[in-house]
Every structure is written in C-alpha cells, then in structure tokens.
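# Remarks on the overall topology
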Amino acid sequence: MKKNMNIEQVLDELSDIWLGRDGVMGVFEEQRHGETVILFLLKNSISNKEIPTEYKGYKIIKENTPEIKRHSE
Amino acid sequence: MSYYDLISENIARQHIWTKPKTAVEELNEMIASIAGTLPRTRYKLHGIAHVGTYNYKPLFELYCNHGSDLDAIRYALKSHLGYGHYRYVHAHAFHSQGLYAGQFVANARSKYMGTMGGYVLDSYTNNILAISNNHVLADSNNGVVGDALIDKKDNTRFGTLVRYNELLKPPYRNLVDAAAGTVFTSHFPFNYNDVKLFPVLPKVGMRVYKDGAASGKTWGRIISVSGKISANYDELGHLNFTETVVIRPEGSKPFSIKGDSGSFIFNEHGYLVGLLFGGDSKNISFANSINNVINNVGIRF
C-alpha cells in the first residue's frame, strides 16, 4: 500500500478528528509484520464502526483497552 | 587474596558494609573495573554477603541502590567469582534515612501517591531535585510551591515542591506531566555522582525498563514516540498528551500499574529515556520523553 504522508502528520490529522471522541483513548503507530500500522485504542465498552480501516495508505487497527489512567494510587 | 576469599564464610552472616572500608572499596573497584568496559550506567553496590547455599551453590546477597543495573553487577560478579546464586536487596532496606529512586512519594495535601523517579540538578540554582509527576508531587495542579513532599516509607517530609508543569485540559495537548522538589540533606545521603543519570532520546524498538514503587522492575519495548493519548485524570477529567512514548510489556506482566507513576524509564544500558505517567495496567504504558521533561521542567544532569 502506498503511503502518501509521513506518520507524524497522519497521527496529527487522525488525533485531531478522533482523540477523546467516541471512546478513542489513543492514536499511535506500531510495527506489525514489518509494516507500520496505526493503532486506535478504544474503551472496551465502545464499538465504533465509523473509524476508517485505512488512512493515507496506512492500515488502521482497533484495539480494546480497559481504560487509560494516570498511574498514581 | 582472591575475591572469593574476600567474601568467604568468615565474613559472611555479617553485613560487609560494616566491615573495614577497604573490603568494600576492593569490591567496588572490582565491579568498576569490569563495568568500565560497559556503557556508563547507574549502579551502586554497597556490599555483598555470603548468606548460605541454594541448590548446593553459594548464595550471595547484593546490597545495592534501588534502581542499580543489577544485570551488570551480577554479570561482573559471576565472571570473577564463578558459579553462585545472587539475591538482590534494596539499599533502603538497611539505609532507611535515604530517599531512593523507586520509592513511594506524595504531596502532603494529596490522597494519591506515586514513585520517586530519580535525582537531577536544577538548571537555575544547581540544587539537587527529586523528579516525579505533577499528579504525584503537585496533586494534579492543586499543589503550591513550598508544599511539603512526603516519603511514604515512613511518612516523613523529605523536601519541598519547587516547580511543576500545569496540566491543561482539552483542546490543549500536554507534553509532560512532571514536577520537581528539593530534597533535605537528611534524605540525601549520597554523592550526586553516584546517582547521576545520563539521558538519551527514546527510540522506536528500544528495550526499556522501569523500577516502580508498585510493580518493581519490569521490562518492555517502545513501539511509538509520537503517541496521542487521552488519559483519565479523575477530577481533571480526560487530558490529552502528545509526543507520548508508548511501551508494550515484555511477557504477560504489565509494564506498569497504579503507583508506578513518576518512575524513570531506562534503556537496557541504563540511560534515562522517559518519565512514566499512565497506562491501562495491562497491555500498554505511557511516558513523557525525557527531552521534553528536561526542556519543560528546567533540569539538567
């Protein structure tokens, strides 16, 4: 798949749209089988079908998480 | 006299750090001479004792600063002493007055606590400062410069809050969650050079560890240094962070859990790369890049 924008710009654009909205807790890249993909961290309880599966040539993968919290106790 | 003789049964069962200084010095020289071939790392071996046997092999206890590079120390000792088992004992177990990296700390006005990351120098005054998160030392923006900072080991005051980065609500994106406090001489029984840290930029693929007050030493790997995160800060609501270092745990144990906030994160050579602030206590942890902490808090090493 041809990637037509650098990853920092892609993350900026996607997080502008999605971060903090509809249960999206994180947007970042990860290497999967030698390919750079974009991970969307989603709250367990939310299943967002509007999130695209691909953006500017990068595959988007959704991952459920309990919750992202500060780590004091 | 061989090094094995030095720590033989004759001086075992007593703690060698109470023995004449020459013995400790010889051991430290031995460690330093071997570790000198490794990249400069943070470690401090206070003493070693032969405390018995394990599986028919001699069992040694190493008394080290919390956060020492144990792998380097163990490797060095094994190379010189041959076979044996090694058990690590935190220095603060016998040196209660000191505030060590990796201990629980808090702001006196806060009900929350986290981890003391480590020691740095104030860029403006050259004072020695202890570093952790805003939400640990400054009670998530509620702190006031001059607040008492508490060593939770014995609930004594160890110092004073001097600076923190205000945590801002969306749409603002935070770079760091950091705070710094001075440390009373009574809680700093070290030479600064023994606890001095060396920062490097975090990189994708880097193997890292932290030594948190809640979950101890755990290893992980950096998968991103440009993460965009929305984290739950309870009374402040969800806060956004950018340029976040994202870490996956190695193995099934989480890299960090509640109480580990404020831990410094090191690469496998002992260089400082980040300041932990959150995660999901399961598959993923988040940290501020150390260069952002340096630039935003006004510290040096």
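Structure's up top.
The residue numbering used here restarts from 1 in each chain and proceeds along that chain's sequence as written. Key to labels: chains lettered from A, ligands numbered from 1, both in the order written. For a predicted model such as this one, the threshold for reporting local features is a pLDDT of at least 70, and the threshold for listing and counting side-chain atom pairs is 80 or more; totals across whole chains, interfaces and linings nevertheless cover every residue. Note: side-chain values were computed over all heavy atoms of the structure, leaving out hydrogens and water.

## Details of the interface of chain B and chain A
The interface is formed by 41 residues belonging to chain B together with 27 residues belonging to chain A. Two parts lose some accessible area (1.4 Å probe) when they are put together, and adding that loss for both gives the buried area. Both faces combined, the contact of chain B with chain A buries some 2,800 Å², and carbon together with sulfur accounts for 49% of it. Salt bridge, as applied in this entry: a Lys or Arg side-chain nitrogen positioned within 4 Å of an Asp or Glu carboxyl oxygen. On the surface where chain B and chain A come into contact, there are 7 salt bridges. Here aspartate 234 of chain B and lysine 69 of chain A are joined by a salt bridge, their closest N and O atoms 2.9 Å apart. Only strand S13 (216-232), strand S14 (238-249) and strand S16 (272-279) of chain B provide two or more residues apiece to the side of chain B that touches chain A. All amino acids are sorted into three groups, where Ala, Val, Leu, Ile, Met, Phe, Trp, Tyr, Cys and Pro are nonpolar, Asp, Glu, Lys and Arg are charged, and the leftover types, Gly among them, are polar. Of the residues belonging to the side of chain B that touches chain A, the class tally is 15 nonpolar, 16 polar and 10 charged. Any pair of residues with heavy atoms lying within 4.5 Å of one another is described as a contacting pair. Secondary structure elements follow DSSP: runs of H or I of four or more residues count as helices, runs of E of two or more count as strands, with numbering from the N terminus.

## Thoughts on the packing of aromatic side chains
Side-chain rings of Phe, Tyr and Trp, where Trp is taken by its six-membered ring, are said to pair if the distance between their centres is within 6.5 Å; with planes under 30 degrees apart they count as stacked, over 60 as edge-to-face, and otherwise as tilted. One pass over the full model with this rule turns up 7 aromatic pairs over all chains. Centroid distance phenylalanine 28 of chain A to phenylalanine 286 of chain B: 6.4 Å. Interplanar angle 70 degrees. Geometry classified as edge-to-face. With phenylalanine 28 of chain A in strand S1 (residues 24-32) and phenylalanine 286 of chain B in strand S17 (residues 285-289), the pair connects residues from two separate chains. The two residues phenylalanine 28 of chain A and phenylalanine 286 of chain B agree in class, both being buried. Geometrically, the ring pair formed by tyrosine 209 of chain B and phenylalanine 266 of chain B is stacked, given 5.6 Å between the ring centres and 25 degrees between the ring planes. Residue tyrosine 209 of chain B is located in strand S12 (residues 207-212), and its partner phenylalanine 266 of chain B is located in strand S15 (residues 264-267); the two are separated by 57 residues in the primary sequence. Note on classification: 1.4 Å probe, protein chains only; a residue is buried when its accessible area is under 20% of the maximum for its type, exposed when over 50%, partly exposed between these limits. When its relative accessible area of 1% is taken as the criterion, tyrosine 209 of chain B is described as buried.

Without other data, these values stay purely geometric and don't point to any function.
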